[in-house]
Structures are given as C-alpha cells and as structure tokens.
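Listed below, chain by chain, are the residues.
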Amino acid sequence: MLLPVTLTTCAAAALINIWLSVRVGQMRGVLKLIHGDDAGGPLTRRMRAQLNFVENTPFVLALIAAIELSGKGEPWLAWVAGIYMLGRVAHGFGMDGEAATKPRMIGTLITMLTLLGLAVVAVLVTLGVM
C-alpha cells in the first residue's frame, strides 16, 4: 500500500534534519569546536534545534502514517504535514536568537498543536467517531 502523505512527509523530515545538521556543522567550524558544545551559546542552540526536531518528528510521522493507513486523512492530512514542516523550519531559524524569537515561538506552537491534533484524530479514528 502506497502512503503518499507519509512518504512525502518522511522525505521532507529527512531534508530538514540534514539542513539542521549542516547548520550545526557550520557553527562548529565558526567556533572551531569539534566536540561538545559552547555552554549555551549559538552552537548549543543549533544543537537543541536539531534535537528538538528529532524528539518530536517521529511521533508526528507515526501519527500521520497511522491516520493515512486508516483512510481518514484526506484531504487535510497533507496540509497538516506541510504546516508542521514549515513550523520546524521556523523553529530552526528562531533558535539562532539569544532571546525568545517569533519564529521559535511559532514553530513551537505549530509543533504542539500538530501533535495534539493528530493524537486527538487518532483516538477519534480508533473510537470509530471519524
């Protein structure tokens, strides 16, 4: 069974993770730090942006796959997945700031709402409400 939304979202997630990883590597070069972090500085923030992505995205991908498999995700699921990925890019850029930034807050809010919304849908599908 082909899961186009899941496959496309996984591909987008892989590309965003590569982008976040490259940003960490670039900052390591600028700071000349091969190992460890910079105790809360720009390298640490970029590392946390990537780790935050890796912490949240598997749950989103699993929920997207399960909802798509149930046949209950058309047509809105692809939009949710796209908005989630845009939010994660915003979060990555937002983590460059020393203080709270709008892109970081937007990315965080989108992530939380996506996880909550997909979890609710998954429960509703399981209960036969959707």
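Predicted, not measured: the structure shown is a model, and the values here were computed from it.

Draft legend 1. Quick look at a nonpolar patch on the surface. Taken together, Leu15, Ile18 and Val22 make up a surface patch of nonpolar side chains, about 300 Å² in accessible area. Looking at where Leu15 falls in the secondary structure, it is placed in helix 1 (residues 4–31).

Draft legend 2. Highlighting the nonpolar core. Residues Phe53, Ile64, Leu77, Met85 and Leu118 are the most contacted members of the largest nonpolar core, which totals 20 residues. At the level of elements, helix 1, helix 2 (42–70), helix 3 (76–94) and helix 4 (102–126) are the ones that each hand at least two residues to this core. The element best represented in this core is helix 2, accounting for seven residues. Filtering out sequence-adjacent residues up to four positions away, Leu118 remains in contact with Val60, Leu63, Ile64, Ile67, Trp76, Leu77 and Val80.

Draft legend 3. A look at the environment of Gly36. Note on placement: Gly36 falls in the loop between helix 1 and helix 2. Sequence-wise, Gly36 and Gly71 are 35 residues apart; in three dimensions their C-alpha atoms are separated by 45 Å. With sequence-adjacent residues up to four places away left out, Gly36 is seen in contact with Arg28, Leu43 and Met47.

Draft legend 4. Layout of helix 1. Taking 1.5 Å per residue as the helical rise, helix 1 with its 28 residues ought to reach 40 Å, and the 41 Å between its terminal C-alpha atoms agrees with that figure. Of the residues making up helix 1, those classed as buried are Val5, Thr6, Thr9, Ala13, Ile16, Leu20, Arg23, Val24, Met27 and Arg28.

Draft legend 5. The arrangement of the packing of helix 2 against helix 3 in detail. Their axes nearest at 11 Å, the elements helix 2 and helix 3 cross at an angle of 180 degrees. Considering the angle they form, helix 2 stands roughly antiparallel to helix 3. Residues Ala49, Asn52, Phe53, Asn56, Thr57, Val60, Ile64, Ile67 and Glu68 of helix 2 pack against Trp76, Leu77, Ala81, Tyr84, Met85, Arg88, His91 and Gly92 of helix 3. For the contact of helix 2 with helix 3, the class distribution of residues is ten nonpolar, five polar and two charged.

Draft legend 6. Expanded view of the side chain of Arg46. By the secondary structure assignment, Arg46 is in helix 2. Setting aside its immediate chain neighbours within four residues, Arg46 contacts Arg23, Val24, Gln26, Met27 and Asp96.

Draft legend 7. View of the packing of aromatic side chains. Across all of its chains, the model carries one aromatic pair by this definition. Plain terms: the ring middles of Trp19 and Phe93 are 5.0 Å apart, the flat faces sit at 65 degrees to each other, and that makes the pair edge-to-face. Here the residue Trp19 occupies a position in helix 1, and Phe93 occupies one in helix 3, the gap between them amounting to 74 residues. Accessibility expressed as a relative area gives 47% for Phe93, which makes it partly exposed.

Draft legend 8. Region of interest: the pattern of salt bridges. All told, the structure shown has three salt bridges when counted by the stated rule. Residue Asp96 is joined to Arg23 by a salt bridge in which the shortest nitrogen-to-oxygen separation is 2.7 Å. Here Asp96, found in the loop between helix 3 and helix 4, pairs with Arg23, found in helix 1; they are 73 residues apart in sequence, far enough to count as distant. Looking at Asp96, the relative accessible area reads 29%, which means it is partly exposed.

About the cut-offs
- Residues numbered from 1 in each chain as written.
- Predicted model: local features only at pLDDT ≥ 70, side-chain atom pairs only at ≥ 80, totals over all residues.
- Heavy atoms only, no water.
- Patch = residues over 30% accessible without salt bridge, like charges linked within 9 Å, V, L, I, M, F, W, Y side chains within 5 Å.
- Areas by Shrake-Rupley, 256 points an atom, 1.4 Å probe, with all protein chains shown as cover.
- Salt bridge = Lys/Arg side-chain N within 4 Å of Asp/Glu carboxyl O.
- Helix = DSSP H or I, 4+ residues; strand = E, 2+ residues; numbered from the N terminus.
- Core = buried A, V, L, I, M, F, W, Y, C linked by side-chain atoms within 4.5 Å.
- Buried < 20%, exposed > 50% of the residue type's maximum accessible area, 1.4 Å probe, protein only.
- Contact = heavy atoms within 4.5 Å.
- Expected span 1.5 Å × (residues − 1).
- Axes fitted to C-alpha atoms, helices over the stretch in contact; angles between N-to-C directions.
- Parallel < 35°, antiparallel > 145°, perpendicular 65-115°, else oblique.
- Nonpolar A, V, L, I, M, F, W, Y, C, P; charged D, E, K, R; others polar.
- Phe/Tyr/Trp six-rings, centres within 6.5 Å; stacked < 30°, edge-to-face > 60°.

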